[in-house]
Amino acid sequence: MADNKRTEIGPDTLVVGNIDAQEDVSIHGRVDGTIRSTATVIIEDDGEVDGEIEALSVVVAGVLIGNIRATSKVDVEETGVVQGDIATPVMVLVDGGAVAGMLVMDDSNPQPVKVNTAGGTTYRPQATRQTGSTRPTASRTAARPSASATRTAPTSRGATSGTRARTVETPRTARQPRSAAPLIDDVEGPVESES
Amino acid sequence: MSDEFGAVIGRNIVVRGEIEGSEVLLVEGRVEGTVNLESELVVGVSGHVEADVNAQALTIEGEFSGTAACSDIVTLVNGCHGTGELKAPRVVIEEGAVFTGRLNMETGVRESRGE
Amino acid sequence: MSETTVGTKTRINGRISGTDRLCVHGLVEGEVAMEGDLVVEADGRVEATVSARAVNIRGTVNGEVTGRDKVEIAPDGRMIGDVRTGRILISDGAVFKGRVEMDVREG
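Each value, and the rule that gives it
The residue count restarts for each chain, going from 1 along the sequence in the order it is written. Chains and ligands are labelled sequentially in the order written, the chains with letters from A and the ligands with numbers from 1. Only residues with pLDDT of at least 70 get local features here, since the model is predicted, and only at 80 or more are side-chain atom pairs given and counted; chain-wide, interface and lining totals rely on the full set of residues. Note: side-chain values were computed over all heavy atoms of the structure, leaving out hydrogens and water. One confidence number per residue, pLDDT, is output by the predictor and ranges from 0 to 100. When checking whether two residues touch, look at their non-hydrogen atoms; a contact exists if any pair is within 4.5 Å. Only one rule defines a salt bridge in this text: a Lys or Arg side-chain nitrogen within 4 Å of an Asp or Glu carboxyl oxygen. Helical segments are the DSSP runs of H or I of at least four residues, strand segments are the runs of E of at least two, and each set is numbered from the N terminus. Classification of residues uses two cut-offs on accessible area relative to the type maximum, computed with a 1.4 Å probe and protein chains only: under 20% is buried, over 50% is exposed, and between them is partly exposed. Patches in this entry comprise residues that are over 30% relatively accessible and not in a salt bridge; like charges within 9 Å are linked, as are nonpolar side chains (Val, Leu, Ile, Met, Phe, Trp, Tyr) within 5 Å. Shrake-Rupley sampling with a 1.4 Å probe provides the accessible areas, and residues are treated as covered by the protein chains on show and by no other component.

> Sorry, what's going on with the confidence of the model for chain A here?
Detailed reading of predicted coordinates is not advised where the pLDDT is low. Residue-level pLDDT values for chain A average 72, and 57% of them are 70 or greater. Here residues 125-195 of chain A scores under 50 on pLDDT; set against residues more than four positions off or in separate chains, the count is 147 contacts.

Here it is in structure tokens:
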């Protein structure tokens, strides 16, 4: 409450849907859906996102299953896991972090991230996610014990398999422009890339 | 790790074909083909490697294109330029390194994807 | 107790659930189903079906609100929609349009 400069998803919160922000977004809990920000999206080490991220910069210390498009930089920290494609002009992967997917580092003409925080679209519960909200948090396996130690809920493979399979079977070239994405109309100034 | 080199391919050397060995190899020249090392391959700042690499470790300071499968670690150093596919349990990308291609690391979530 | 904050320049369109306290400065559309409290700050707007333990409205809420413990509409609060709760406080100056259904225990 004291800090209203950023959005923070608490460790015991689940968001199923989309987050659009013109400020930093920090995730300790879980988000199933698309996150767009004209600033930085941080998946903290206790955070997990199943969906796409578009932002100026992205820091992954937790788990992301989905693609990233960053116009400035992506940092994957020691505890970070990305299962998906990454498009960014600058990328740092710290020893211990894991990435499985296409990496496209191309600083030519990055499209600024556009977000609409004014509202007006209708919430469609099934639009982004097939699974229900009670799906338990997927944790990393024993191969990455340091990270899974911070997780509270055990993996339920049966419950998550449908979504995982979707992620696998629809690999998208991260470079693919997303300018046709919905929810884009109210832009508060373009985001400049450092490149 | 890259302090001592058992072998160096100098700036003005071009190797096409297959390289095999068990000591550290520094490439400052050009290598095209296949590299199988039980130790580390270092693509130096002036090095240019277009190869399928099997090694314990791969450090890229110069240019690399191809596939690399390492049993330990791949390091992309600031200023390097790589394309292709990297597979290793550990991959480090320094700020300023450029790579376009596929990273195949064990993320732990793979197994829970079902099917 | 941990907290989820929806920042001033953020919109969440979807369903928010969990046991954290939820504090809204920006815009939430869809559904809020918290086991903890919900505070809609003066700069916050909620267009959603809401259920929470205690609901404190200092900003704007449009939608059906269930406050298991209580619902409070502050002097600057604005609420349009039906309320179902155990206790309700509508402050002088608050705007409220809707029905109130209180969970009255027999006796």
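Having seen the structure, we can now continue with the description.
> I tried to follow the pattern of salt bridges on my own but got confused; where do I start?
Once their charged atoms are close, side chains differing in charge can pair, the charge on each being opposite to the other. Evaluated as defined, the whole model comprises 25 salt bridges over all chains. In this structure, R16 of chain B engages E32 of chain B in a salt bridge whose closest nitrogen and oxygen atoms are separated by 3.1 Å. Of this pair, R16 of chain B sits in strand β2 (residues 14-21) while E32 of chain B sits in strand β4 (residues 30-37); the two residues are 16 residues apart in sequence, bridging distant segments of the chain. The class for R16 of chain B is exposed, based on a relative accessible area of 63%. One network of salt bridges, with partners in common, ties together D20, R36, E54 and R69 of chain A together with R11 and E29 of chain C.

> Any chance you could explain a nonpolar patch on the surface here in plain terms?
On the surface, I90, V100, M102 and V104 of chain C cluster together into a nonpolar patch covering about 350 Å² of accessible area. Tracing the chain through its elements places V104 of chain C in the segment after β12 (100-102).

> Can you walk me through the environment of V74 of chain B in this structure?
Residues and elements named next belong to chain B. Considering the arrangement of structural elements, one finds V74 in strand β7 (residues 63-76). Given the relative accessible area of 0%, V74 is considered buried. Each C-alpha atom of the pair V74 and T59 lies 5.8 Å from the other, and the pair is 15 residues apart in sequence. Contacts of V74, omitting those with residues within four sequence positions, involve L58, L86, A88, R90, V91 and V92.

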